[in-house]
Amino acid sequence: MQFATLTAGEVPGVPSLDELRGLKPLQQPEWPDGAALDQVMRELRTLPPLVFAGECDDLTTKIGAVARGEAFILQGGDCAETFAGVTAENIRAKLRVLLQMSVVLQYAASVPVVKIGRIAGQYAKPRSSGEETRDGVTLPSYRGDAVNGFDFTPESRIPDPQRLRGVYNAAAATLNLTRAFTTGGYADLHQVHAWNTDFVKSSPVGRRYEQLASEIERALAFMRACGATADEFRTVDFYASHEALILEYEHALTRIDSRTEQPYDVSGHLLWVGERTRQLDGAHVEFLASLSNPLGVKIGPTTTPEYIRALIDKLNPKGIEGRLTFITRMGAGKIRSALPPLLEAVRDHGSPIAWVSDPMHGNTFETPNGYKTRNFDDVMDEVQGFFDAHEQVGTWPGGVHMELTGDDVTECLGGGEELVAEDLVNRYETACDPRLNRHQSLELAFLVAERLRGAKA
């Protein structure tokens, strides 16, 4: 597959960067050195794609099955990736928990699972404030490793365009290892026990997973005895996604596919626009509307049916199956009232939309001891409310979008380990928002599997 390399900054069919800047995009860094930014962008425009257009098209086809109620999306990973986190162990741990969750969903609910990571691009974060104050000192907010440093020093917090080159390098390394894991034997379904070896004895949910793994192993043994050795059991299709936030980076990695002559942002397979940057006349929506990638949009509790219909007309005017996914982030206390009118509006509009629940972002609060956290019960309740709303309207609950890690962090309260606020200090490692740990992620997968069985009935 070939892409045209465009060095002049113009991509046919895509708004120019000057045109996008003219729309006054939100949540953008104030780069202090324009010449250095231009140089980095020139370099990025000449680099190979991180993903291929054919892979993006394959994902669109799979999400089309979700929109028809024939498959389910599992999307997860870090709130904010860091350059220091690009290690073999970290990548393997995230992939492992996503593989375990997908096995639970696919086997227990008998539904195909589309596996998408928040990975290889999630290096920038929108912030509620452009500044942060500590002990009377005010500095620019940390906007992710794509922009500036986490350390609270004037030097660290200066936006540095050289970091965009670092994003490309980190994403390339992450995708390279992820592809090796998913096609080189680690994702082989026959390894279903091996993914759990360090986990079983310490956790009730681990033991529950081990019981399911034994059932899968017996089923595989039966199939081998029958002479069935399908390659589908040995590899998995795994896709990369991130929020398309920093327009300079995304624009520099947009290419024309030589097969179709259509533009693709080759920084990731699926790109989404966040709650803070999804204005219909805004730069981010304008940019995404010009691409051929599958797209996602975060949808909060203030979204109206009128807006959501206009958004569909803007981002998917041709009604392509799998083109557009709505990712709801309502909050546990609001989803049962806020979501059904939107489901009805989309159903009546007739456009094929995949619906995915993000039960994390609407349920964040700060503990008395100063940690940003989420309560696992609230996360579970929002997932239940997502399924309840779809059951009420008669539509398909198409997936979950989680901030999670494969490590035993202590960032979200509750779960089988019954973490409390005082436990957060033990392993609070996130660079931004709190993530579910491995135990909590698997607990959630079993809950979703139970609801999926009911949704299929």
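Because the structure is a prediction, the values reported are computed rather than measured.

A look at helix 4 (residues 88–109)
Then comes step 1: Counted at 1.5 Å a residue, the expected span for helix 4 with its 22 residues is 32 Å, and the 31 Å between its end C-alpha atoms agrees.
Then comes step 2: Counting buried positions along helix 4 gives 16 out of 22 residues, so the element sits mostly inside the fold.
Then comes step 3: Phi turns positive one or two residues past the end of helix 4, at Ser 110, with a value near 55°.

A look at the side chain of Glu 243
Then comes step 1: Mapped onto the elements of the fold, Glu 243 is located in strand 6 (residues 238–243).
Then comes step 2: Although Glu 243 is buried, it forms no salt bridge, and the closest oppositely charged side chain is Lys 125 at an N-O distance of 5.3 Å.
Then comes step 3: Setting aside its immediate chain neighbours within four residues, Glu 243 contacts Gln 122, Pro 126, Glu 250, Trp 272, Gly 274 and Thr 277.

A short note on the environment of Thr 277
Then comes step 1: As for its placement among the helices and strands, Thr 277 is situated in the loop between strand 9 (270–273) and helix 8 (283–289).
Then comes step 2: The exposure class assigned to Thr 277 is buried, which follows from its relative accessible area of 1%.
Then comes step 3: Along the backbone, Thr 277 and Leu 26 are 251 residues apart, and their C-alpha atoms lie at a distance of 6.2 Å.
Then comes step 4: Apart from the residues lying within four places of it in its own chain, the contact partners of Thr 277 are Leu 26, Gln 27, Glu 243, Leu 245, His 284 and Val 285.

Description of the side chain of Arg 323
Then comes step 1: Tracing the chain through its elements places Arg 323 in the loop between helix 9 (305–315) and strand 11 (324–328).
Then comes step 2: One buried charged side chain, Arg 323, makes no salt bridge at all; its nearest oppositely charged neighbour is Asp 57, positioned 8.7 Å away.
Then comes step 3: Side-chain polar atoms of Arg 323 contact the backbone oxygen of Leu 291, separated by 2.6 Å.
Then comes step 4: Ignoring anything within four residues of it in the chain, the contact list for Arg 323 reads Thr 60, Leu 288, Ala 289, Leu 291, Ser 292, Asn 293, Pro 294, Leu 295, Leu 315 and Asn 316.

Some words on the packing of helix 9 against helix 10 (residues 335–349)
Then comes step 1: Across the interface, helix 9 lies against helix 10 with an axial gap of 9 Å and an inter-helix angle of 40°. The orientation of helix 9 with respect to helix 10, classified from their angle, is oblique. When the axes of helix 9 and helix 10 are compared, the crossing they make is right-handed. On helix 10, the residues that touch Pro 305, Ile 308, Arg 309, Ile 312 and Asp 313 of helix 9 are Pro 341, Leu 342, Ala 345, Val 346 and His 349.
Then comes step 2: Here the contact of helix 9 with helix 10 is built from residues that sort into seven nonpolar, one polar and two charged.

Thoughts on the packing of helix 4 against helix 12 (residues 438–456)
Then comes step 1: In the contact formed by helix 4 and helix 12, the axes pass within 8 Å of each other and the chain directions differ by 25°. Between helix 4 and helix 12, the angle is such that the two are roughly parallel. When the axes of helix 4 and helix 12 are compared, the crossing they make is right-handed. Only Arg 438, Ser 441, Leu 442, Ala 445, Phe 446, Val 448, Ala 449, Leu 452, Arg 453 and Lys 456 of helix 12 make contact with helix 4, whose side of the interface consists of Arg 96, Val 97, Gln 100, Met 101, Val 104, Leu 105, Ala 108 and Ala 109.
Then comes step 2: Looking at side-chain class alone, the contact of helix 4 with helix 12 contains twelve nonpolar, two polar and four charged residues.

Looking at the pattern of salt bridges
Then comes step 1: Here the structure, examined in full by the defined rule, presents 30 salt bridges.
Then comes step 2: The partner of Arg 435 in a salt bridge is Glu 411, with the nearest N and O atoms 2.8 Å apart. With Arg 435 in the loop between strand 15 (399–403) and helix 12 and Glu 411 in the loop between strand 15 and helix 12, the pair connects residues that are 24 residues apart, well separated along the chain.
Then comes step 3: Judged by its relative accessible area of 0%, Glu 411 falls in the buried class.
Then comes step 4: As a salt-bridge pair, Glu 429 and Arg 427 come within 2.8 Å of each other at their nearest N and O atoms.
Then comes step 5: With a relative accessible area of 43%, Glu 429 lands in the partly exposed category.

Quick look at the pairing of strand 5 (residues 137–140)
Then comes step 1: As judged from the four bridges shared by strand 4 (residues 131–134) and strand 5, these two strands associate in the antiparallel manner. If you follow Arg 134 over to strand 5, its bridge partner there is Val 137.

What about the UniProt feature "binding site: phosphoenolpyruvate" (unreviewed entry) in the protein chain?
Then comes step 1: Mapped onto the present numbering, the UniProt feature "binding site: phosphoenolpyruvate" (unreviewed entry) falls on Arg 118, Glu 275, Arg 276, Lys 298 and Arg 329.
Then comes step 2: You can see Glu 275 is positioned in the loop between strand 9 and helix 8.
Then comes step 3: Non-local contacts of Glu 275, meaning those with residues more than four positions away in its chain, are made with Lys 298, Ile 299, Gly 300, Thr 302 and Arg 329.
Then comes step 4: Polar side-chain contacts of Glu 275 include one of 3.0 Å to the side chain of Arg 278.
Then comes step 5: Inspection of the secondary structure puts Lys 298 in strand 10 (residues 295–299).
Then comes step 6: By relative accessible area, which is 4% here, Lys 298 ends up buried.
Then comes step 7: Setting aside residues up to four positions removed in sequence, Lys 298 forms contacts with Arg 118, Trp 272, Val 273, Gly 274, Glu 275, Arg 278, Ile 327, Arg 329, Asp 358, His 361 and His 401.

Reading the values: rules and limits
- Residues numbered from 1 in each chain as written.
- Predicted model: local features only at pLDDT ≥ 70, side-chain atom pairs only at ≥ 80, totals over all residues.
- Heavy atoms only, no water.
- Helix = DSSP H or I, 4+ residues; strand = E, 2+ residues; numbered from the N terminus.
- Expected span 1.5 Å × (residues − 1).
- Buried < 20%, exposed > 50% of the residue type's maximum accessible area, 1.4 Å probe, protein only.
- Lys, Arg positive; Asp, Glu negative; His and termini not counted.
- Salt bridge = Lys/Arg side-chain N within 4 Å of Asp/Glu carboxyl O.
- Contact = heavy atoms within 4.5 Å.
- Polar contact = N/O pair within 3.5 Å; in protein donor to acceptor, adjacent residues only side chain to side chain.
- Axes fitted to C-alpha atoms, helices over the stretch in contact; angles between N-to-C directions.
- Parallel < 35°, antiparallel > 145°, perpendicular 65-115°, else oblique.
- Left-handed = near helix turned anticlockwise from the far one by under 90°.
- Nonpolar A, V, L, I, M, F, W, Y, C, P; charged D, E, K, R; others polar.
- Pairing = 2+ DSSP bridges.
- UniProt positions renumbered as here; feature names shortened; annotations may be inferred.

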